[in-house]
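So you can see what is in the structure, the chains are spelled out below.
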Amino acid sequence: MNTINSKTTIRVRFAPSPTGYLHIGGLRTALFNYLFARHNNGSFILRIEDTDRTRYVEGAVENLISILNWVGIEYDEGPFMDNSGKIFQKGSFAPYIQSQRLEIYQKYTDELLEKGYAYRCFCSAERLDFVRKQQMLNKQPPKYDRFCRNISKKESDILAKEKPFTVRMKIPDEDIKFEDIVRGKVVFQGTLIDDQILLKTDKFPTYHLANVVDDHLMEITHVIRGEEWLSSTPKHVLLYQYFGWEIPTFAHLPLLLNPDKSKLSKRSGDVAVEDYKREGYLPEAILNYVSLLGWSTENSQQFFTKEELIEKFTLNRCSQSPAVFDKQKLLWMNGEYIRKSELEKLFFYAKPFLECAKISLQNKDYIKQLIAIEQEKIKLLKEIPELIEYFFYPDDNIKYNEQAIKKFLSTEKQKQILVQLFEILKNEQNFDKLNLENIIRNFCEKNDLKTSEVFHPLRVAVSGRTQGPGLFDLLVLLGKDKVLNRIKISLKKFLKE
RNA sequence: GCCGCCAUCGUCUAGCCUGGUUUAGGACGUAGCCCUCUCAAGGCUAUGGCACGGGUUCAAAUCCCGUUGGCGGUACCA
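Residues numbered from 1 in each chain as written. Chains lettered and ligands numbered in written order. Predicted model: local features only at pLDDT ≥ 70, side-chain atom pairs only at ≥ 80, totals over all residues.

*Asks:* Describe the overall build of chain A, listing the residues and the values that go with them.
*Replies:* For chain A, the count of helices and strands is 20 helices and 13 strands. Taking 2.2 N^0.38 as the reference for a compact globule, 497 residues should give roughly 23 Å; the C-alpha atoms of chain A span a radius of gyration of 32 Å, well beyond that estimate. With respect to the three principal axes, the spread of C-alpha positions in chain A is 105 × 50 × 45 Å. Buried positions account for 33% of the 497 residues belonging to chain A. Considering only contacts in chain A between residues 6 or more positions apart, those separated by 24 or more positions represent 75%. (Helix = DSSP H or I, 4+ residues; strand = E, 2+ residues; numbered from the N terminus. Rg over C-alpha atoms; globule rule 2.2 N^0.38 Å. Buried ≥ 20, exposed ≤ 12 C-beta atoms within 10 Å, placed from the backbone. Contact = placed C-beta atoms within 7 Å.)

Below, the structure written as structure tokens:
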């Protein structure tokens, strides 16, 4: 039978557990799912896997949604957030939050129990612990000893009324095989797999059960997730078989690594997408960079718009080997994106950083001009305030760099230059860039001075710094009054006899 | 320990499937030079890699086997 059927729409999901922030690795998984869905005109679903009550984090779902919105990964079904920050769910398979689906998992657990593919386990945590330790001591693989597997149905039913229990799935001794788009054929020996717990004592499902049940119910066609799931996939495959459900296509993406090659984690520094937002990375840059981890085109193209990504993304161009998350390259890419940004957009992104530095946004056009003259050197949005703040200092309260003073505001010659420049500029009515450049360059020529001998002292006098935008941009944007005033103050402060 | 996955410059990767077109290409980083009023940006150049050992073949980065190494999993976590 030909299984390629254009009527079968592709449905994929991103199913994070809400930990309080979106992990970069999670972002990558979400992105690949998203790209795959859009490329194939399929649906992309967000599902919250919050079946571990001990890990409950207040506001985690809200946080996840807002960061997904920020990076621009749109999903079609799942929990959404309205303007007031309230969660609502959209899609015909709601709810999409697993803690709200407990009856469903209970029902399917009962079915498995009924069919004899699962059994109740009454072992205490202590016993389990003891057994595991013994096995380790004997250098045996730690595995549940199936102590409760052969309790009769009758006895189990009776015990269930008085004792807490978990439900475990029966793992057969045969090999379990499955096909993975990025790994190819994968085989696991059944004898080595634990009788996995499906339902915990608290009646919450474990990941394995909830995941399989929901993927089936939500008609997920492709399971695209991180490689850390590869070794539990045989359990999932088995569950599909036990239920008699069609097995989705699996694609396990290579892991993202710390520079020391361990699985990307907090100890490597920032792993929360939020952290990158806070630093002043652009969402476009983050998406572009992350798309390159574990995926590439034939020509190793570096820059992609989201549309291009959607157009070009295919799972068979995903790599099988893990990728180190290189912050340096991300930083470079962010700089590239900032440089290419429209001013209006850049201003929009820069707003919170300016506000934070107490730079007034009143005169928007002026700030945009300031950003424009520094745009090519900005790598992170958070650098912007520091780069432009001296435009707003009171003239008599500029922070002068000490070395700059020593170097450029100390000699008699430098003093004379500034005195003369002051006179020239004072009489200049036309303070535009071209004109200023003409005047000052003429001044250099007439007095047989190198441009650097003139430009540097002037720059330091009006800005306090040796670095900054081109001198004439600087003068124009400062304006005549400030320029004259600051020269006067510098002369008085540093160059009086 | 056991099971699984992976293996091209320091890092991300192209090439591998369908062996010869490869003196292994690109990007980040690093270094140098050019441009230049500074810092950047830009341009140019350099740097640096097929983990190892066996096969197969006229020919292997490409196919096979083994070794080594890295990582993941081995939870009433996801």
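Picking up where we left off.
*Asks:* How would you summarise the protein's contact with RNA strand B if you had to cite specific residues and measurements?
*Replies:* Around RNA strand B, the surrounding shell holds 64 residues, and the nearest of these are E49, K263, S321, K377 and G470. Listing elements by their share of the surface near RNA strand B, those giving two or more residues are α4 (125-137), β8 (184-189), β13 (323-324), α11 (327-340), α18 (451-463) and α19 (471-478). With 5 residues, the single largest contributor to the surface near RNA strand B is α18. Tallied by class, the residues present in the surface near RNA strand B amount to 21 nonpolar, 25 polar and 18 charged. (Near = placed C-beta within 6 Å. Nonpolar A, V, L, I, M, F, W, Y, C, P; charged D, E, K, R; others polar.)

*Asks:* Lay out the nonpolar core in plain terms, naming residues and giving numbers.
*Replies:* Ranked by internal contacts, the top residues of the largest apolar core, which has 67 residues, are L31 and I286. The dominant element in this core, judged by the number of residues it contributes, is helix α1 (residues 24-39), at 9 residues. If near-sequence neighbours (up to four positions away) are discounted, L31 is found in contact with I73, L287, V290 and S291. (Core = buried A, V, L, I, M, F, W, Y, C linked by C-beta atoms within 7 Å.)

*Asks:* How would you explain the packing of helix α3 (residues 102-115) against helix α6 (residues 207-217) if you had to name every residue and give the values?
*Replies:* Two elements in contact, α3 and α6, have axes whose closest approach is 10 Å; the angle formed by their N-to-C orientations is 100 degrees. Taken together, the axis directions place α3 and α6 in an arrangement best described as roughly perpendicular. Every residue of α6 that contacts α3 at I104, Y105, Y108 and T109 is listed here: L209, A210 and V213. (Axes fitted to C-alpha atoms, helices over the stretch in contact; angles between N-to-C directions. Parallel < 35°, antiparallel > 145°, perpendicular 65-115°, else oblique.)

*Asks:* How would you summarise the environment of K327 if you had to cite specific residues and measurements?
*Replies:* Examined against the element boundaries, K327 turns out to sit in helix α11. When the 15 C-beta atoms within 10 Å are taken as the criterion, K327 is described as partly exposed. Considered as a pair, K327 and G269 are 58 residues apart in the sequence and their alpha carbons are 10.0 Å apart.

*Asks:* Describe the pairing of strand β6 (residues 166-169), listing the residues and the values that go with them.
*Replies:* Neither face of β6 is left uncovered, since the one carrying T166 and R168 and the one carrying V167 and M169 both have all their residues buried. As paired elements, strand β5 (residues 118-121) and β6 share 4 bridges and run antiparallel to each other. By the bridge assignment, C121 is partnered in β6 with T166. Looking at chain direction, β6 and strand β9 (residues 197-199) are connected through 2 bridges and run antiparallel. Bridge pairing in β9 places V167 opposite L199. (Pairing = 2+ DSSP bridges.)

*Asks:* Please provide a residue-by-residue account of unusual backbone geometry, values included.
*Replies:* For the peptide bond that leads from A94 to P95, omega is 0 degrees, which places it in the cis range. Summarising the element assignment, P95 is placed in the loop between β4 (87-90) and α3.

*Asks:* Could you give me a rundown of the packing of helix α9 (residues 283-291) against α11, with the residues and numbers involved?
*Replies:* Where α9 contacts α11, the axes come no closer than 9 Å and their chain directions differ by 135 degrees. Put simply, α9 runs oblique to α11. Crossing geometry of α9 relative to α11 is assigned as right-handed. In this structure, α9 uses E284, A285, N288 and Y289 to contact α11, whose residues at the interface are K329, L330, M333, N334 and Y337. By residue class, the composition of the contact of α9 with α11 is 5 nonpolar, 2 polar and 2 charged. (Left-handed = near helix turned anticlockwise from the far one by under 90°.)

*Asks:* Explain α11 to me, using residue names and the numbers behind them.
*Replies:* An ideal rise of 1.5 Å per residue puts 20 Å on 14 residues; α11 measures up with 20 Å between its terminal C-alpha atoms. All of the buried residues in α11 are L330, M333, N334, Y337 and I338. An end-on view of α11 places all buried positions within 140 degrees of arc, on one side of the element. In the core, the buried residues of α11 are packed alongside α9 and α12 (343-356). (Expected span 1.5 Å × (residues − 1). Arc of directions from axis to C-beta.)

*Asks:* Give a detailed account of the environment of K161, specifying residues and quantitative values.
*Replies:* The topology assignment puts K161 in helix α5 (residues 153-162). Between the C-alpha atoms of K161 and K413, which are 252 residues apart in sequence, the distance is 98 Å.

*Asks:* Which residues make up the sheet that holds β9, and what values go with them?
*Replies:* If you walk across this open sheet you meet the 3 strands as β5-β6-β9, and the pairing is antiparallel. This sheet does not close on itself; its edge strands, each paired only once, are β5 and β9. Across this sheet, the average inter-strand angle for adjacent strands is 45 degrees, counted without regard to direction.

*Asks:* Go over helix α20 (residues 480-494) with me, naming the residues and quoting the values.
*Replies:* Its 15 residues give α20 an end-to-end C-alpha distance of 21 Å, which sits within 8% of 21 Å, the value for a rise of 1.5 Å per residue. On the buried face of α20, the contacting elements are α16 (412-426), α18 and α19.

*Asks:* Report on the environment of F165, specifying residues and quantitative values.
*Replies:* Take F165: it is sitting in the loop between α5 and β6. Owing to 18 C-beta atoms within 10 Å, F165 belongs among the partly exposed residues under this scheme. Spatially, the C-alpha atoms of F165 and I176 are 27 Å apart, while their sequence positions differ by 11 residues. F165 has contacts with R120, C121, F122, A160 and T201, leaving out every residue within four places of it along the chain.

*Asks:* Please give an account of the pairing of strand β10 (residues 222-226) that cites residues and values.
*Replies:* The buried fraction of β10 amounts to 5 of the 5 residues, a majority that puts the element mostly inside the structure. The pairing of β10 with strand β11 (residues 249-253) spans 5 bridges and is parallel. Within β11, the residue paired with G226 across the bridge is L253. Chirality of the crossover, the property in question, places the unit of β10, helix α7 (residues 233-243) and β11 among those that are right-handed. (Right-handed = clockwise from strand over helix to strand, strands pointing away.)

*Asks:* Break down the confidence of the model for chain A for me, citing the residues and quoting the values.
*Replies:* Residues with a pLDDT of 70 or more make up 98% of chain A, whose mean pLDDT is 95. Across residues 1-6, confidence stays below pLDDT 50; counting only partners more than four residues off in sequence or on other chains, it has 0 contacts. This prediction of the complex comes with two scores: 0.95 for pTM and 0.96 for ipTM. (pLDDT = per-residue confidence, 0-100.)

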